[in-house]
Amino acid sequence: NLFYGDPLLQIDNTIKYLKLLEKARHKGPVIIITKGDYSKFPDEKFDLDLHVAFSTFGIDSYLDGNTMERFENNLKCISTRKNNYNYSIEFRPIIYGINDSDKVFERVIKIASKYNLAIGYSGLQGKPKVKEEWEKEGLSFNAYPGYELGYKKIIGENEMCMFECIAKKYSVPIFRK
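One structure accompanies this document, and this report is about it. Being a predicted model, the structure only gives us computed values, none of them experimental.

Points about the overall build of the protein chain
(1) Moving on: Counting its secondary structure elements, the protein chain contains five helices and five strands.
(2) Moving on: Put simply, the protein chain runs from its N terminus to its C terminus through helices and strands in the order α-β-β-α-β-α-β-α-α-β.
(3) Moving on: Computed over the C-alpha atoms, the radius of gyration of the protein chain is 17 Å, within 12% of the 16 Å expected from 2.2 N^0.38 for a compact globule of 177 residues.
(4) Moving on: Overall, the C-alpha framework of the protein chain stretches about 50 × 40 × 30 Å when taken along its three principal axes.
(5) Moving on: The buried share among the 177 residues of the protein chain stands at 41%.

Some thoughts on the pattern of salt bridges
(1) Moving on: Throughout the structure, instances matching the rule amount to six salt bridges.
(2) Moving on: A salt bridge links Glu 133 to Lys 136; the nearest nitrogen and oxygen atoms lie 3.4 Å apart. Here the residue Glu 133 and the residue Lys 136 both occupy positions in helix α4 (residues 128-136), the gap between them amounting to three residues, near one helical turn.
(3) Moving on: Judged by relative accessible area, which is 41%, Glu 133 ranks as partly exposed.
(4) Moving on: Each of Glu 90, Arg 92 and Lys 177 takes part in a single network of salt bridges with overlapping partners.

Looking at the pairing of strand β2 (residues 49-56)
(1) Moving on: Of all the eight residues making up β2, six are buried; the element is thus mostly covered by neighbouring parts of the structure.
(2) Moving on: Relative to β2, strand β1 (residues 29-34) runs parallel, the two being bridged by six bridges. Residue pairing for β2: Ile 31 is matched across the bridge by His 51.
(3) Moving on: Of the pairings in the sheet, the one linking β2 to strand β3 (residues 86-94) comprises six bridges and is parallel in character. Paired with Val 52 across the strands is Tyr 87, a residue of β3.

Some remarks on the nonpolar core
(1) Moving on: Membership of the largest hydrophobic core comes to 38 residues, with the highest contact counts inside it found for Leu 18, Tyr 38, Phe 41, Phe 91 and Ile 119.
(2) Moving on: Broken down by secondary-structure element, the contributors of at least two residues to this core are α1 (11-23), β1, β2, α2 (68-78), β3, α3 (102-114), β4 (119-123) and α5 (157-169).
(3) Moving on: If you tally residues by element for this core, the top one is α3, at six residues.
(4) Moving on: Apart from residues lying up to four places away in sequence, Ile 119 is in contact with Ile 89, Phe 91, Val 108, Ile 109, Ala 112, Phe 163, Val 172, Pro 173, Ile 174 and Phe 175.
(5) Moving on: Within the second largest apolar cluster, six residues are counted, among which are Phe 57, Ile 95, Leu 124 and Trp 134.

Let's talk about the environment of Leu 149
(1) Moving on: As for its placement among the helices and strands, Leu 149 is situated in the loop between α4 and α5.
(2) Moving on: The class of Leu 149 is buried, set by a relative accessible area of 15%.
(3) Moving on: Between the alpha carbons of Leu 149 and Gly 126 there is a distance of 4.8 Å; along the sequence they are 23 residues apart.
(4) Moving on: Sequence-distant contacts of Leu 149, defined by excluding residues within four places in its chain, comprise Leu 124, Gly 126, Lys 131, Trp 134, Phe 141, Asn 142 and Ala 143.

Cut-offs applied
Residues numbered from 1 in each chain as written. Predicted model: local features only at pLDDT ≥ 70, side-chain atom pairs only at ≥ 80, totals over all residues. Heavy atoms only, no water. Helix = DSSP H or I, 4+ residues; strand = E, 2+ residues; numbered from the N terminus. Rg over C-alpha atoms; globule rule 2.2 N^0.38 Å. Buried < 20%, exposed > 50% of the residue type's maximum accessible area, 1.4 Å probe, protein only. Salt bridge = Lys/Arg side-chain N within 4 Å of Asp/Glu carboxyl O. Pairing = 2+ DSSP bridges. Core = buried A, V, L, I, M, F, W, Y, C linked by side-chain atoms within 4.5 Å. Contact = heavy atoms within 4.5 Å.

See below:
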């Protein structure tokens, strides 16, 4: 449901699609990835394998369009729901020199541990057209040393090892996307 952005910014459209999937007796997973205000999502039961993935950049940044406060408020909202679905965290994109420090990693992982959630994570994808748009906007992102920005969502080996070690320390399951 990417008609015009985040599924919670277009809540009526999102609910319409969920009801259509229900009506069609859809049996596969349905995943809502959001930075929006989860308190606006209705607390109703859908006959779907519904997953809600809360997206975070790990820090407050003009590059993200969301805040850590909103992210944490969304996670707090989970416990108030009578219709709990499957929840997880999307930590993305991890960008060289911006949100890839041990401090940021530990912050996101500690939050995941607190709410007993798994984390899906990925690096920055820099397709040629996207890189052109960045340049127009005056944005300059660097690839990890030894890599190039392109179609793969690359994270440096050292950073990936650091992330995995911190996740292991807090017993948080992580999945590279």
